[in-house]
Amino acid sequence: MNRQKITFIVFIAILVLAAYLRVDFLRSVDHEMPHDSINYDAMVRQLLEIGVYAYNDSSPNALVTPGYPLFMAAIYWLAAYPWNDPLPWIRMAQVLLSLLSVWMMYSITRQLSNTAGGLAAAFLAAVYPPFVWANGAILTEVLGIFLLLGYLWVQLRVFRSPTTLSALAAGILLGLTVLVRPEYLPLLVVNYLFYWAWKKKAKEILKLFALSCLGLVLILMPWWIRNVVTLDEWVVTATQANPFKAGTYPYKNYSDGLIDESGKTEMEVAVERLKTGFSTQPWLFIKWYTVGKLQYLYYHVYYGGGHQPFYNVFPSWVNPNTIHRVLILLGGLAALAISLRWRQLTALLVVIVATITLIRLGFVPEYRYNVMTMPLIIMINCIVGVQAWQWLSAKRSLRANKIEG
């Protein structure tokens, strides 16, 4: 049997394992609905029944971007809501997206490394517990990961062999990602700045950047028009200011009494808290906006929306938090190794993780948010792991040749 057939068989086995874990999880537990999930469900029902797009309200608003609500609305329609419960349909649709994400992680890692690296990334994606548990949550993570990986796959193609179509497609996919998770919007600029710093081909890069901007605008334009027409307001992504405000309370001490908040908007409170905090308690706020938030973001594993009884992806003696922290630690070391030789496409993964991490330091930190960067961290680990193995193998071969000589 040749190597290509062996690779195909191993990859199919990984996909079967991933599908089994996800479907078995959905069928064997009772799924909880956190308040965000309840709000999304009520929002979509309201949209379908009376045509009002509003999150946690009955009047039109733009508190959340429409990517995930419209995805939900499409599934509700396919499930023949209200005669059938649409939530199991959404969870199964997320399983399909999750399996496609496993394939994309394999494909991206294989392009940046080799087949062994791709298979390692696919296997880790198949069994990493949060990637299983997230399928039960009526939240944005599974769809966001799928779209982010799709964008990354196309953006790498743009940087490797640029074409008009690929640059336009990269903008379209980033636009779709932004409609699900707005914090990824800055990647449009950051990723092309990385490419320019590497290649120094200003004219070509500006053309590709303009095409990607066009693709992104084509996707976001209907949302912008809706907000101008319905709300008489220009909204780029969403109007929700609470995550920014909540991020100004060091270590989530929401009753610290730092300022008088009465009669002020969320944004006014946030700005005043930052000014007062950094001027009167600088060490506390500096620590909170660096290591404090990083700990909240990355130290704990994401358990999905919640479920009972607890579903063990691994044997019960294996702690999911330990696996997560090992991946984070190795990912940090691997990212450092890549950064030392940054003129390579693999460095784009590090750029994205670093950018999103810095953006999230400005808002309330939740361990839920680490799950969307974990595919990139896993791929970074696998790529550097293969490089380390190749280096060690070459060194052993060289040593053996010297002994024989």
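All figures in this text were calculated on a predicted structure; none of them were measured in a lab.

J.: Quick question: what am I supposed to make of the overall build of the protein chain here?
T.: If you tally the helices and strands in the protein chain, you get 16 helices and two strands. For 405 residues, the compact-globule formula gives about 22 Å, and the C-alpha radius of gyration of the protein chain, at 23 Å, lands near that figure. Burial statistics for the protein chain: of 405 residues in total, 48% are counted as buried. Within the protein chain, one finds 32 positive and 21 negative side-chain charges whose respective centroids are separated by 20 Å.

J.: Can you walk me through the environment of F244 in this structure?
T.: Here F244 lies in helix α11 (residues 242-246). In the structure, F244 is positioned 27 residues away from V271 in sequence and 9.4 Å away in space, judged by C-alpha atoms. Among all residues touching F244, those that are not within four sequence positions of it are M267, A270, L274, G362 and F363.

J.: Sorry, what's going on with the packing of helix α4 (residues 87-112) against helix α7 (residues 141-160) here?
T.: Any two packed helices are characterised by the angle at which their axes cross and by the distance between the axes. Where α4 contacts α7, the axes come no closer than 9 Å and their chain directions differ by 25 degrees. With respect to each other, α4 and α7 are oriented roughly parallel. Relative to α7, the crossing made by α4 is left-handed. Packed against α4, whose contacting residues are Q94, L97, S98, L100, S101, M104, M105, S107, I108, Q111 and L112, the element α7 presents V142, L143, I145, F146, L149, G150, L152, W153, L156 and R160 at the interface. Looking at the contact of α4 with α7 residue by residue, the classes come out as 14 nonpolar, six polar and one charged.

J.: Before we go on, may I ask you to explain the packing of aromatic side chains in this structure?
T.: The geometry of an aromatic ring pair is captured by two quantities: the separation of the ring centres and the angle between the planes. Under the definition given, this model contains 26 aromatic pairs. Here the aromatic rings of F285 and Y289 are separated by 6.5 Å at their centres, their planes lie at 15 degrees, and the arrangement is stacked. A residue pair is termed a helical-turn pair when its members lie 3 or 4 positions apart in one helix, as F285 and Y289 do in helix α13 (residues 282-298) at four residues. Assigned by exposure class, F285 and Y289 land together as buried. Three or more aromatic residues joined by ring pairs form one cluster here, namely F159, Y192, F194, Y195, W198, F209 and W342. Between K199 and the ring centre of W198, over which it is positioned, the NZ or CZ distance is 4.5 Å.

J.: When you look at the side chain of S166 in this model, what are you seeing that I'm missing?
T.: In this structure, S166 sits in helix α8 (residues 164-180). A polar side-chain atom of S166 sits 2.9 Å from a polar atom in the side chain of T163. Sequence-distant contacts of S166, defined by excluding residues within four places in its chain, comprise V154, R157, V158 and S161.

J.: What exactly am I supposed to notice about a nonpolar patch on the surface here?
T.: A contiguous nonpolar surface patch, about 560 Å² in accessible area, is contributed by M221, I225, V228, V229, W234 and V236. Here V229 shows up in helix α10 (residues 202-231). Residue classification places V229 among the exposed positions, given a relative accessible area of 66%.

Cut-offs used in this document
Residues numbered from 1 in each chain as written. Predicted model: local features only at pLDDT ≥ 70, side-chain atom pairs only at ≥ 80, totals over all residues. Heavy atoms only, no water. Helix = DSSP H or I, 4+ residues; strand = E, 2+ residues; numbered from the N terminus. Rg over C-alpha atoms; globule rule 2.2 N^0.38 Å. Buried < 20%, exposed > 50% of the residue type's maximum accessible area, 1.4 Å probe, protein only. Lys, Arg positive; Asp, Glu negative; His and termini not counted. Charge placed at Lys NZ, Arg CZ, Asp CG, Glu CD. Contact = heavy atoms within 4.5 Å. Axes fitted to C-alpha atoms, helices over the stretch in contact; angles between N-to-C directions. Parallel < 35°, antiparallel > 145°, perpendicular 65-115°, else oblique. Left-handed = near helix turned anticlockwise from the far one by under 90°. Nonpolar A, V, L, I, M, F, W, Y, C, P; charged D, E, K, R; others polar. Phe/Tyr/Trp six-rings, centres within 6.5 Å; stacked < 30°, edge-to-face > 60°. Lys NZ or Arg CZ within 6 Å of the ring centre and 35° of its normal. Polar contact = N/O pair within 3.5 Å; in protein donor to acceptor, adjacent residues only side chain to side chain. Patch = residues over 30% accessible without salt bridge, like charges linked within 9 Å, V, L, I, M, F, W, Y side chains within 5 Å. Areas by Shrake-Rupley, 256 points an atom, 1.4 Å probe, with all protein chains shown as cover. Salt bridge = Lys/Arg side-chain N within 4 Å of Asp/Glu carboxyl O.

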